[in-house]
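A look at the structure
If you want the building blocks of each chain, they are given just below.
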Amino acid sequence: MDQNQVDEIGRRIGSAAAQFAPSHRPTPAQTADAAAVLHAMVQSAEIYGVTFADFDGVADFPRMAIQLVQSRDLQI
């Protein structure tokens, strides 16, 4: 994964975060964790020839990464 891809993940997570209603918008820490989760997912999938574009063809993974982190924080 090159720096452009890392930057794109950050941009996409930021864009997804802005789409949440203010009362459900992720915190800066949640946004950072979501970006790290998505980065790790894409990086690990590269072993199998799966790219970020392939993720996009299936679902809105940036938004799902945020929801995953928010769900984790509700359980704490």
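Up top is the structure these notes are about.
These notes cover the structure that comes with them.

Rules used throughout
Residues numbered from 1 in each chain as written. Predicted model: local features only at pLDDT ≥ 70, side-chain atom pairs only at ≥ 80, totals over all residues. Heavy atoms only, no water. Core = buried A, V, L, I, M, F, W, Y, C linked by side-chain atoms within 4.5 Å. Buried < 20%, exposed > 50% of the residue type's maximum accessible area, 1.4 Å probe, protein only. Helix = DSSP H or I, 4+ residues; strand = E, 2+ residues; numbered from the N terminus. Axes fitted to C-alpha atoms, helices over the stretch in contact; angles between N-to-C directions. Parallel < 35°, antiparallel > 145°, perpendicular 65-115°, else oblique. Left-handed = near helix turned anticlockwise from the far one by under 90°. Contact = heavy atoms within 4.5 Å. Phe/Tyr/Trp six-rings, centres within 6.5 Å; stacked < 30°, edge-to-face > 60°. Lys NZ or Arg CZ within 6 Å of the ring centre and 35° of its normal.

Moving on, we come to the nonpolar core. One finds Ile13, Leu38 and Ile66 to be the most contacted residues of the largest nonpolar core, which totals 16 residues. Looking at this core, the elements that each hand over two or more residues are helix H1 (3-18), helix H2 (28-45), helix H3 (52-56) and helix H4 (61-74). For this core, the element with the most residues is H2, which contributes five residues.

Viewed as axis vectors pointing N to C, H2 and H4 meet at an angle of 120 degrees, and their least axial separation amounts to 8 Å. With respect to H4, the element H2 is oriented oblique. Here H2 and H4 pass one another in a crossing that is right-handed. Residue-level contacts link Gln30, Asp33, Ala34, Val37, Leu38 and Met41 of H2 to Phe61, Pro62, Ala65, Ile66, Leu68, Val69, Gln70, Arg72 and Asp73 of H4.

A few words now on the packing of aromatic side chains. Inspection of the entire model under this criterion finds one aromatic pair. For the pair Phe55 and Phe61, a centre-to-centre distance of 4.8 Å together with 80 degrees between the ring planes defines the contact as edge-to-face. The pair Phe55 / Phe61 is uniform in exposure class, with both members buried. Above the face of the Phe20 ring, Arg63 is positioned so that its terminal group lies 4.2 Å from the ring centre.

With respect to the element layout, Gln70 can be found in helix H4. When near neighbours in sequence (up to four residues on either side) are disregarded, Gln70 contacts Phe20, His24, Arg25, Pro26 and Gln30.

Orientation of H1 relative to H2, taken along the N-to-C sense of each, is 135 degrees, at an axis distance of 9 Å. Relative to H2, the element H1 is oriented oblique. Between H1 and H2 lies a crossing whose hand is right-handed. Contact residues: Val6, Ile9, Ile13 and Ala17 in H1; Thr31, Ala34, Ala35, Leu38, His39 and Val42 in H2.

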